[in-house]
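Residue-level structure breakdown
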Amino acid sequence: MDFEAHLKHLFREQLQELGFTRVEDDLYQGRVPAEGTVDGWYIDIQIHCKDYPISAPRVELKGINGDSEVFRCVPPRWRHLDEQIGYRPAESRFWVCCLHNWFMNSEFDARYIYNRIEDWLSSNVTQSWAPGEDAPAWRLAPQLSDFALFVTETLVSDICSNSPRDIHLWRLAHDRYVFRSGSTAANPKKNPGNKYDLEQIEHSGTRRARQQYLFFPEATPGNEILDVTRQACLGDDYLVSLCCVVKLDKAEKFKTAYQLLSHLKGSSAVISVLRGIKEEGFNNTPVANLPIIVQYESDQGRLEIAAFVVDLDSFLGDAARVYLKPFRIETLPQRKTAVDLNVALLGVGSLGSQIAKVLVDKGVKSLTLSDFDYFSASNLGHHELTYFDLGFFKVERMQKRLLLSYDSPPVRATLSDEKAIQDADIVVVAVGSSSSFDRLAFKTLADYPKPIVWVWTSPHNVLSEVVITHRDSGCLNCYYMLTQSDNELRSVHEAAKRQIALYPVSDIDMCGNPHVISQWDRMVLLATQVVTLLAFYSEKGRFPFEYVNYLWKTDDIYPKTYVGHINANPRCPLCRRG
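Below you will find a few notes about this structure. Residue numbers run consecutively from 1 along every chain, following the written order of its sequence. This being a predicted model, a pLDDT of at least 70 is required before a residue's local features are given, and a value of 80 or more before pairs of side-chain atoms are given or counted; all residues contribute to the totals for chains, interfaces and linings. Note that the side-chain values use all heavy atoms of the structure and ignore hydrogens as well as water.

1. Some thoughts on the overall build of the chain
For clarity, the threshold we go by: Each helix is a run of DSSP H or I of at least 4 residues and each strand a run of E of at least 2, with the numbering of both proceeding from the N terminus. Taken over C-alpha atoms, the radius of gyration is set against a globule rule of 2.2 Å times the number of residues to the power 0.38. Only protein chains enter the accessibility calculation, which uses a 1.4 Å probe. A residue is then buried if its area is under 20% of the maximum for its type, exposed if over 50%, and partly exposed in between.
A tally of helices and strands in the chain yields 15 helices and 24 strands. Expected size for 578 residues packed as a compact globule is a radius of gyration near 25 Å; at 32 Å, the chain overshoots this value by more than 25%. Seen through its C-alpha atoms, the chain measures out along the principal axes to roughly 90 × 65 × 50 Å. Counting only residues that meet the buried cut, the chain has 50% of its 578 residues in that class.

2. Comments concerning the sheet that holds strand β10 (residues 239-247)
The pairing of strands in a sheet comes from backbone hydrogen bonds and takes either a parallel or an antiparallel form. Our working definition: DSSP calls a pair of strands paired once it identifies at least 2 bridges connecting them. To define axes, lines are fitted to C-alpha atoms, for helices over the stretch in contact only, and angles between the resulting N-to-C directions are given on a 0 to 180 degree scale.
The strand order β13-β12-β11-β10-β8-β9-β7-β14 describes an open sheet built from eight strands, whose pairing is mixed. Every other strand in the sheet has two partners, leaving β13 (324-326) and β14 (328-332) as the edge strands with one partner each. The sheet shows a mean angle of 30° between the axes of neighbouring strands, direction not considered. Strand direction decides the pairing type here: β10 and strand β11 (residues 289-297), joined by four bridges, are parallel. Bridge assignment links V245 to a residue of β11, and that residue is I293.

3. Considerations on unusual backbone geometry
The residue after V32, namely P33, is reached through a cis peptide bond having omega -5°. Relative to the helices and strands, P33 resides in the loop between β2 (27-32) and β3 (43-48). Across the junction of Y52 and P53, the peptide omega takes the value 5°, indicating a cis bond. One can find P53 in the loop between β3 and β4 (58-64). Residue H80 is not a glycine yet carries a positive backbone phi of 50°. Take H80: it is sitting in the loop between α2 (70-73) and β5 (81-84). Among the residues examined, H80 registers a relative accessible area of 14% and is labelled buried.

4. Some words on the side chain of N549
The following threshold applies: In the analysis that follows, any N or O atom pair within 3.5 Å is treated as a polar contact, provided that within protein one partner can donate a hydrogen and the other can accept it, and provided that, for residues neighboring in sequence, both atoms belong to side chains. Pairs of residues are marked as contacts when any of their non-hydrogen atoms sit within 4.5 Å.
Inspection of the secondary structure puts N549 in strand β23 (residues 547-551). At 3.1 Å, the side chain of N549 and the side chain of H493 are in polar contact. Among residues more than four places away in sequence, those in contact with N549 are L463, S464, E465, Y479, L489, V492, H493, K560, T561 and Y562.

5. Digging into the packing of helix α9 (residues 350-362) against helix α15 (residues 520-540)
What counts is decided by this rule: Every angle not falling under 35 degrees, over 145, or within 65 to 115 is termed oblique; those three ranges are roughly parallel, roughly antiparallel and roughly perpendicular. By definition, any crossing whose near helix is turned counterclockwise from its far helix by less than a right angle is left-handed, and any crossing with a clockwise turn is right-handed. Under this grouping Gly is polar, as are all residues other than the nonpolar Ala, Val, Leu, Ile, Met, Phe, Trp, Tyr, Cys and Pro and the charged Asp, Glu, Lys and Arg.
With their axes 9 Å apart at the nearest point, α9 and α15 run at an angle of 50° to one another. As the angle between them shows, α9 and α15 are arranged oblique. Crossing handedness for the pair α9 and α15: right-handed. Contact residues: S350, L351, Q354, I355, V358, L359 and K362 in α9; W520, M523, V524, L526, A527, T528, V530, V531, L534 and A535 in α15. Of the residues that constitute the contact of α9 with α15, the class distribution is 13 nonpolar, three polar and one charged.

6. Focus on a nonpolar patch on the surface
Put simply, the rule reads: Grouping into patches uses exposed residues only, defined as over 30% relative accessible area, and leaves out salt-bridged ones; the cut-off is 9 Å for like charges and 5 Å for nonpolar side chains (Val, Leu, Ile, Met, Phe, Trp, Tyr). Here, Shrake-Rupley sampling with a 1.4 Å probe gives the accessible areas, and only protein chains in the shown set may cover a residue. Criterion for a salt bridge: a side-chain nitrogen of Lys or Arg within 4 Å of a carboxyl oxygen of Asp or Glu.
A contiguous nonpolar surface patch, about 290 Å² in accessible area, is contributed by F3, I54 and M104. Looking at where I54 falls in the secondary structure, it is placed in the loop between β3 and β4. I54 sits in the partly exposed class, given a relative accessible area of 48%.

7. What to know about helix α3 (residues 110-126)
Cut-off, in case you're wondering: For a helix, the expected span equals 1.5 Å multiplied by the number of residues minus one.
Compared with the 24 Å implied by 1.5 Å per residue over 17 residues, the 24 Å span of α3 between its first and last C-alpha is a close match. Taken together, the buried positions of α3 are occupied by A110, I113, Y114, I117, W120, L121, S123 and N124. Looking at the buried side of α3, the elements it contacts are α1 (3-17), β2, β3, β4, β5 and β6 (93-96). Positive backbone phi, approximately 55°, marks Q127, located one or two places after α3.

8. Considerations on the pairing of β2
Inspection of the sheet shows strand β1 (residues 21-24) paired to β2 by three bridges, in the antiparallel sense. The residue bridging E24 from the neighbouring strand is L27, located in β2. Where β1 folds back onto β2 in an antiparallel hairpin, the turn is made up of two residues, including D26, whose phi is positive at roughly 60°. In the sheet, β2 pairs with β3 via six bridges, with the strands oriented antiparallel. What sits directly across from R31, in β3, is D44.

9. Describing the nonpolar core
Just so we agree on the cut-off: Nine residue types can take part in a nonpolar core, namely buried Ala, Val, Leu, Ile, Met, Phe, Trp, Tyr and Cys, and a core is a set of them joined through side-chain atoms within 4.5 Å.
Of all hydrophobic cores here, the largest spans 65 residues; its most connected members are I43 and L264. Counting residues per element, this core draws most heavily on α3, at six residues. Residues contacting L264, with those up to four places away along its chain left out, are V246, L248, V270, I271, I292, V294 and F315. With 42 residues, the next largest nonpolar core counts V395, V428, A527 and W552 among its residues.

10. Some thoughts on the sheet that holds strand β24 (residues 560-564)
Strand order in the open sheet made by the eight strands is β17-β16-β15-β18-β19-β20-β23-β24, with mixed pairing throughout. Two strands close off the open sheet at either side, each with one partner strand: β17 (411-414) and β24. Each strand axis lies, on average, 15° off the axis of its neighbour in the sheet, ignoring direction. As paired elements, strand β16 (residues 364-370) and β17 share four bridges and run parallel to each other. Note that in β17 the partner of L367 across the bridge is V411. Contacts between helix α14 (residues 487-501) and the sheet are confined to β20 (463-469), β23 and β24, with β23 contributing the most and set at about 35° to the helix.

So, in structure tokens, the structure goes:
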């Protein structure tokens, strides 16, 4: 018997010693506490241990103080109890969540698990949870469902700004329904999604290319990311369903779908609206199913949303028998702008393309790309662009690629450096050509009044250099002079030359074009450091240094870093800042 099987054998024996009985293979039922009560409370549970000890046993709550209708009797204040909502509230299953951060450990035996369950019950009865386990109580846990409703935090706040008991009617755009018969809802512009019998809709996803139905608010002013995501997912071929949105009063508490539906059914205002929808229909079509979104506040002041698609006839009947499909709530992240600057990036080669990608991923106010070069075969493998971009201008293809990123900021493309810098707050120069670099440094940008970040790297990325010039610093040539006069900088550059000499010479292709060898991981790290520097300046309004050198030795997994400041050198023949 292997170790895993041995632990499972001991686990079964211990369960029986604790008074549990075997229901079937890997399923045991028992009482907690085994004898007596916890301040008058006890629970009946089933322990599903098929994958023990690799995975934590699943603990199903089957009864509270002898009452097996858990959906009715679970106290609203109980925590760490997950409801798996069935097609009707009376069919829900409840799972005790008390075995956190599980890993295979011989000490996690049946006695340990029993004690965890008893601690869970005691904490719920006494309402004295440890701070790290103090989860919100009256809320519905996220559901495993193939109906997904997409919202944003801003949208949730907008609902919350309405008065309690407010009822609104929204329109939801969503995938076409597929039916158990195999047919698909047709003619979406004429047929609202509300007209279809919920029980006839195929939920398993086996007959659909996508395994989920995606739902989005059809119009979301101020929530453009919802509109962009909806367009990307649904295009123009979708159904529209009328949706009822309800905000509950803070005093209302519930823990189960049944308790929530009972709250709604007890509201004359809600029932009046739903009866009106039933009688009037939507777009001259009878309403068979209705999405309902409920916004409420949990006991810790956290905004919560619960949502269902319900069969309208059954909703107007017994709450325990309502036929429904729960929504899984998907909250689209709304990122803060980490780099609140209009950035002009001159040069969209191997380094520049990485800087652009990381800037957009991190969040930038706006980004203007400038590069007059085409994407060529020599760029392949050392650029964000691919085979499909060969022969096109780099800036145009990078612009399209970046605009496909999630929550993309404005990204503009130009072949003119002069146009790129016009409205910029800061300029990043990452051009690879030495002549282009010098033209920018000592001609185009010589009198530029705003900060400039110059960044370049040696063959094999042995030495990467970032230099910042601004009103109160020296120029780029002042930095070059500093690399000769400053002992530490001079030794760094001499060490870099020795390291570069250890590598093979640069490749030369059949056309005689030399290819500077780069190490991609080091290039990506340099790009992230540039973006981090921009984020620092965006937040602080200053720079922590005016130059940084990254020196990599052959077997280094991280570089040595050298930083300092650049003063205007009175002997610099090119400096116009001194």
